[in-house]
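# A structural walkthrough
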Amino acid sequence: MPGLLPTLFETDCAPPVVEVSCRQRAVPCDLNRIVRLVNAALPLCLVAARSLGGPLAGLASVEGSIVGPRAMARVHRDHLGIPGATDVITFPYGEILVCASVAAARASDFGNPVTDEIALYFIHGLLHLAGHDDILPADAARMASAQQEILDSARRMVDPAS
Amino acid sequence: MPTTTLPEEKTSEKIDHDAVWNVVVHNDPINLMSYVVLIFMRVFGYPRERAHKHMLEVHHKGRSIVWTGPREPAELYVQQLHSHLLLATLEKAPAPE
């Protein structure tokens with residue numbers, strides 16, 4: 001009945017299907033956990049998309065790939081004109097690339113599991129698709145806080161006992 | 001003096017110089033979406049938006065007609081796409097009504 005249903009998915013079309021594949025072997029990670037965390041995070045990113053007006057809700061699918069540093073550096077150079085690898089690149093048509101070796105280096109700096117660090121980068125990409133921006137320091141801080149909150153919520157859903 | 005009558009030779013295929021051909025790119029599980037966009041931009045000189053449109057058509061529908069025209073350049077485009085490891089084929093475009 002209109003007006004009585006939860007409004008979480010109140011959009012004109014079905015939420016996008018998020019698929020994640022691992023295209024590197026140098027950094028071991030738990031792909032199954034990454035997929036569960038990202039899919040748990042998706043509804044929260046869609047809520048952000050409703051208020052920020054990003055393209056996420058209108059996408060049929062989002063394709064996530066975990067890649068190595070050479071593949072990431074190639075995409076970084078070819079599409080953004082910047083040499084070297086980076087942590088995450090998001091394309092507005094629904095592609096998110098995450099560099100496993102950058103995630104591994106930062107995860108060890110902060111003492112986090114690399115799997116959850118990779119999931120955090122995918123959430124960062126989903127928030128870009130939701131309309132978040134991180135060019136200005138204040139926007140970047142807002143986005144960093146939102147992605148951490150969403151990861152924490154996703155962890156509570158995936159690890160209910162913790 | 002005996003005479004030999006040779007059968008009239010007929011070619012089985014007429015070359016249709018006016019035919020147009022479609023260059024079709026098919027979905028594959030290997031290449032990144034961003035790589036496919038880049039190759040469309042490089043091979044055909046398409047602007048980013050048009051390259052996105054064709055890549056998404058390949059991704060969602062399994063194939064996209066990325067170029068239509070005479071056979072010779074179409075074959076060259078297919079070769080170039082193959083050299084970039086994209087699945088591409090040539091199809092004769094339906095004759096106009």
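About the thresholds
Residues numbered from 1 in each chain as written. Chains lettered and ligands numbered in written order. Predicted model: local features only at pLDDT ≥ 70, side-chain atom pairs only at ≥ 80, totals over all residues. Heavy atoms only, no water. Pairing = 2+ DSSP bridges. Helix = DSSP H or I, 4+ residues; strand = E, 2+ residues; numbered from the N terminus. Axes fitted to C-alpha atoms, helices over the stretch in contact; angles between N-to-C directions. Contact = heavy atoms within 4.5 Å. Salt bridge = Lys/Arg side-chain N within 4 Å of Asp/Glu carboxyl O. Buried < 20%, exposed > 50% of the residue type's maximum accessible area, 1.4 Å probe, protein only. Buried area = accessible area lost by both parts, 1.4 Å probe. Polar contact = N/O pair within 3.5 Å; in protein donor to acceptor, adjacent residues only side chain to side chain. Phe/Tyr/Trp six-rings, centres within 6.5 Å; stacked < 30°, edge-to-face > 60°. Lys NZ or Arg CZ within 6 Å of the ring centre and 35° of its normal. Parallel < 35°, antiparallel > 145°, perpendicular 65-115°, else oblique. Left-handed = near helix turned anticlockwise from the far one by under 90°. Nonpolar A, V, L, I, M, F, W, Y, C, P; charged D, E, K, R; others polar. 1 Å grid on protein atoms, 1.4 Å probe; cavity = no way out; pocket = protein on both sides within 12 Å on 5 of 7 lines; lining within 4 Å. Points joined across faces, edges and corners; volume = space filled by probe spheres on them.

### What about the sheet that holds strand β3 (residues 87–92) of chain B?
All names here are of chain B. Read from one edge of the open sheet, 3 strands run β2-β1-β3, paired in antiparallel fashion. Bordering the open sheet on either side are β2 (63–69) and β3, each of which pairs with just one other strand. Each adjacent strand pair in this sheet contributes to an overall mean axis angle of 25 degrees, direction not counted. Two strands pair when backbone bridges link them, and strand β1 (residues 21–26) and β2 are joined in this way by 6 bridges, in the antiparallel orientation. Residue V24 lies in a different strand from β2, and its bridge partner there is I65. On the sheet, helix α2 (residues 48–61) packs against β1 and β2 and is oriented at approximately 135 degrees with respect to β2.

### Things to note about the pattern of salt bridges
All names here are of chain A. Inspection of every chain in the model, using the stated rule, returns 11 salt bridges over all chains. The salt bridge partner of D159 is R33, with a shortest N-O separation of 2.8 Å. Here D159 is found in the segment after α5 (137–158), whereas its partner R33 is found in helix α1 (residues 31–52), with 126 residues between them in sequence. Overall, D159 belongs to the partly exposed group, its relative accessible area being 23%. R155 is paired through a salt bridge with D152; the nearest N and O atoms lie 3.6 Å apart. Here the residue R155 and the residue D152 both occupy positions in helix α5, the gap between them amounting to 3 residues, near one helical turn. A single network of salt bridges, built from pairs that share partners, joins R33, D116, D152, R155 and D159.

### Considerations on the interface of chain B and chain A
Residue-level contacts link 15 residues of chain B with 13 residues of chain A. Among the residues of chain B in contact with chain A, B:L32, B:M33 and B:S34 are the three that bury the most area, contributing 43% of the side total. A:D78 serves as the salt-bridge partner of B:R42, at 3.6 Å between the closest nitrogen and oxygen. Taken together, the links from chain B to chain A amount to 6 residue pairs in polar contact (both at pLDDT 80 or more). Elements that contribute at least two residues to the side of chain B that touches chain A include exactly α1 (33–44) and α2 of chain B. Ranked by the residues each element gives to the side of chain B that touches chain A, the list is headed by α2(B), at 6 residues.

### Thoughts on the packing of aromatic side chains
For any pair of aromatic rings, the description consists of the separation of the ring centres together with the inter-plane angle of the planes. Residues and elements named next belong to chain B. Counted according to the given criterion, the structure contains 5 aromatic pairs over all chains. Aromatic rings pair up to connect F40, F44, Y46, W67 and Y77 into one cluster. Sitting over the ring of Y46, R50 keeps its end group 4.0 Å from the ring centre. Sitting over the face of the ring of W21, R71 holds its NZ or CZ atom 4.2 Å from the ring centroid.

### Some details on the packing of α1(A) against α5(A)
Residue and element names in this part refer to chain A. Packing of α1 against α5 brings their axes to within 8 Å, and their N-to-C directions diverge by 120 degrees. The angle between α1 and α5 falls in the class oblique. The handedness of the crossing between α1 and α5 is right-handed. Facing R33, R36, L37, A40, A41, L44 and C45 of α1, the residues of α5 in contact are I150, L151, S153, A154, R155, M157 and V158. In the contact of α1 with α5, the residues fall into 10 nonpolar, 1 polar and 3 charged.

### Details of the layout of surface pockets
Estimates place the volume of the largest pocket at around 460 Å³. Breaking the lining of the largest pocket down by element, the ones donating at least two residues are α2 (69–80) of chain A together with α1 of chain B. The element that contributes the greatest number of residues to the lining of the largest pocket is α2(A), accounting for 7 residues.

### Describing unusual backbone geometry
Most of the time, phi is negative for any residue but glycine, and the peptide bond is trans. Phi is positive for B:L85, close to 65 degrees, though the residue is something other than glycine. With respect to the helices and strands, B:L85 occurs in the loop between α3 (71–83) and β3.

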